[in-house]
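Structural features, examined
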Amino acid sequence: MAFVNAQNQRGAEVRLRPEIAALPPYRQGRPAPEGGHKLSSNENPYDPLPGVVEAVTRAAHGINRYPDATALALRERLAQRYGVTADEVIVGTGSVSLLAQFILAAAAPGDEVLYSWRSFEAYPGLVTVAGATSVQVPNRPDHGHDLDAMSAAITERTRVVIVCSPNNPTGVIVTADEFERFMAQVPESVLVLLDEAYAEFVRDGAAVDGSKLLDRYPNLVMLRTFSKAYGLAGLRIGYAIGPVRLLDAARSTAIPLGVTETAAAAARASLDAEAELLVRVDELAERRDRLHTMLVDQSWPVPASQANFVWLPLGDRTIEVAEQLFDAGLVTRPFPGDGIRVSIGDEASVTKLSTILETLVAPAQSDGMY
Ligand SMILES: *Cc1c(COP(=O)(O)O)cnc(C)c1O
């Protein structure tokens with residue numbers, strides 16, 4: 001222990017930015033125990049498709065070379081699919097990196113970045129790293145964004161608004177109507193980032209779809225990723241589509257050459273194999289809806305999710321229930337005092353989850369916890 005403390009004290013004299021030194025260190029979800037299930041990071045439970053692995057293997061033969069700085073071949077593919085020009089597409093090392101780039105491009109010390117809360121746990125840290133200030137607007141009681149409160153919270157200092165649909169970790173969508181009304185209230189000087197990391201899992205026709213709004217708003221950028229539906233979380237690749245001037249600014253704040261040819265090749269191969277991948281996404285969405293029905297039948301107050309996870313808003317019981325799930329081999333993502341996010345894994349994990357929760361719900365109801 002003394003050794004660990006001494007290790008932590010090394011470098012104590014070095015002057016760091018205090019707000020950075022105060023950030024909580026990143027703690028990844030615990031690995032799943034033997035025979036258990038890792039349901040803590042919204043990963044795709046399916047193994048990569050053979051064609052994608054082959055593309056990665058082929059790309060490995062070129063790793064002595066730097067990648068194409070802008071991944072043009074991939075951007076052209078994406079541009080074609082979304083009916084935009086390749087200049088209106090930017091790729092990054094996951095859409096988390098793109099979020100960081102846009103925030104850095106628009107918000108400096110003294111500026112505000114506005115988002116709903118609870119939402120994606122990466123947002124607060126990215127804003128702090130940019131030196132800007134987070135303004136968090138509480139979710140509605142139904143766990144969706146309160147867009148009226150968000151537009152009311154825009155000030156002279158607001159530079160960026162992040163809208164996450166479906167929202168991580170609650171799974172609740174922003175509807176197209178809500179989004180349209182919201183955009184009508186947002187000044188064109190404020191950048192709106194529509195984070196659609198889970199877009200492919202959406203089955204509710206009322207949900208906002210950034211891909212249909214690309215020519216509508218001069219201050220809107222849509223962010224998507226290959227990490228979730230396409231199962232490439234380990235390769236770090238995502239993309240943004242929006243006005244060229246905004247993308248150029250985000251390019252300027254990126255660390256150059258981050259997107260490897262290996263990742264770009266895997267993304268292109270995934271687009272080639274899209275039909276097959278989307279069958280898996282269908283299966284996950286169907287499994288999610290089935291799980292939701294089971295949990296609601298068990299009286300858990302679970303909001304309808306349109307992503308590849310469900311949200312258990314358990315308040316003070318969060319840690320206790322997460323521990324019980326962990327003991328049964330299910331690694332989930334608890335947010336202490338708030339709730340547990342559980343990713344949709346393979347069929348066995350969903351069955352196990354509903355079986356365990358069924359045994360827990362009865363005492364909770366009888367002692368009036370809900
Ligand atoms: C997973 C996720 C992302 C993107 O992750 P990357 O792996 O960096 O592409 C972005 N936004 C939200 C809300 C997410 O949950």
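Refer to the structure printed above.
Residues numbered from 1 in each chain as written. Predicted model: local features only at pLDDT ≥ 70, side-chain atom pairs only at ≥ 80, totals over all residues. Heavy atoms only, no water.

1. Comments concerning the pattern of salt bridges
We apply this condition: Basic side-chain nitrogens of Lys or Arg form a salt bridge, by our definition, when they fall within 4 Å of a carboxyl oxygen of Asp or Glu. Only DSSP runs of H or I reaching four residues or more are called helices, and only runs of E reaching two or more are called strands; each is numbered from the N terminus.
A complete count under the given rule lists 24 salt bridges for this structure. Put simply, arginine 77 and aspartate 272 hold a salt bridge, and the shortest N to O gap is 3.0 Å. Separated by 195 residues along the polypeptide, arginine 77 in helix α4 (residues 72-82) and aspartate 272 in helix α10 (residues 261-272) bring together distant segments of the chain.

2. Observations regarding the nonpolar core
Applicable threshold: For our purposes a nonpolar core is just a set of buried Ala, Val, Leu, Ile, Met, Phe, Trp, Tyr and Cys residues, chained together by side-chain atoms within 4.5 Å. Accessibility here uses a 1.4 Å probe with only protein chains present; expressed as a share of the type maximum, an area under 20% marks a residue as buried, one over 50% as exposed, and anything in between as partly exposed. We call two residues in contact when some of their heavy atoms are within 4.5 Å.
By size, the foremost hydrophobic cluster in this structure holds 57 residues, and its most contacted members are Leu74, Leu78, Phe226, Ile237, Tyr239 and Leu357. The residues touching leucine 357, leaving out its near neighbours within four places in the chain, are Leu295, Gln298, Trp300, Leu312, Val321 and Leu325. Counting residues in hydrophobic clusters, the runner-up holds 26 residues, among them Tyr115, Val160, Leu191 and Leu223.

3. Some words on the sheet that holds strand β4 (residues 133-138)
Put simply, the rule reads: One bridge is not enough; two strands pair if DSSP finds at least two bridges between them. The axes are straight lines fitted to the C-alpha atoms, using for helices just the contacting stretch, and the angles between their N-to-C directions are given from 0 to 180°.
The sheet built from 7 strands is open, its strands ordered β2-β8-β7-β6-β5-β3-β4 with mixed pairing. Only two strands of the sheet have a single partner each, and these edge strands are β2 (89-92) and β4. The sheet shows a mean angle of 25° between the axes of neighbouring strands, direction not considered. The sheet strands contacting helix α9 (residues 244-252) are β2, β6 (191-195), β7 (220-225) and β8 (238-241), and the helix crosses β2 at an angle near 25°.

4. Observations concerning the packing of aromatic side chains
Short version of the rule: In this analysis, rings of Phe, Tyr and Trp, with Trp reduced to its six-membered ring, are considered paired at centre separations within 6.5 Å, and the interplanar angle assigns stacked below 30 degrees, edge-to-face beyond 60, and tilted for intermediate values.
Under the definition given, this model contains 9 aromatic pairs. Ring geometry for phenylalanine 179 against phenylalanine 182: centres 6.3 Å apart, planes inclined by 40°, an arrangement best described as tilted. Residue phenylalanine 179 and its partner phenylalanine 182 are both found in helix α8 (residues 176-185); the two are separated by 3 residues, about one turn of the helix. Residue phenylalanine 179 shares its accessibility class with phenylalanine 182, and that shared class is buried.

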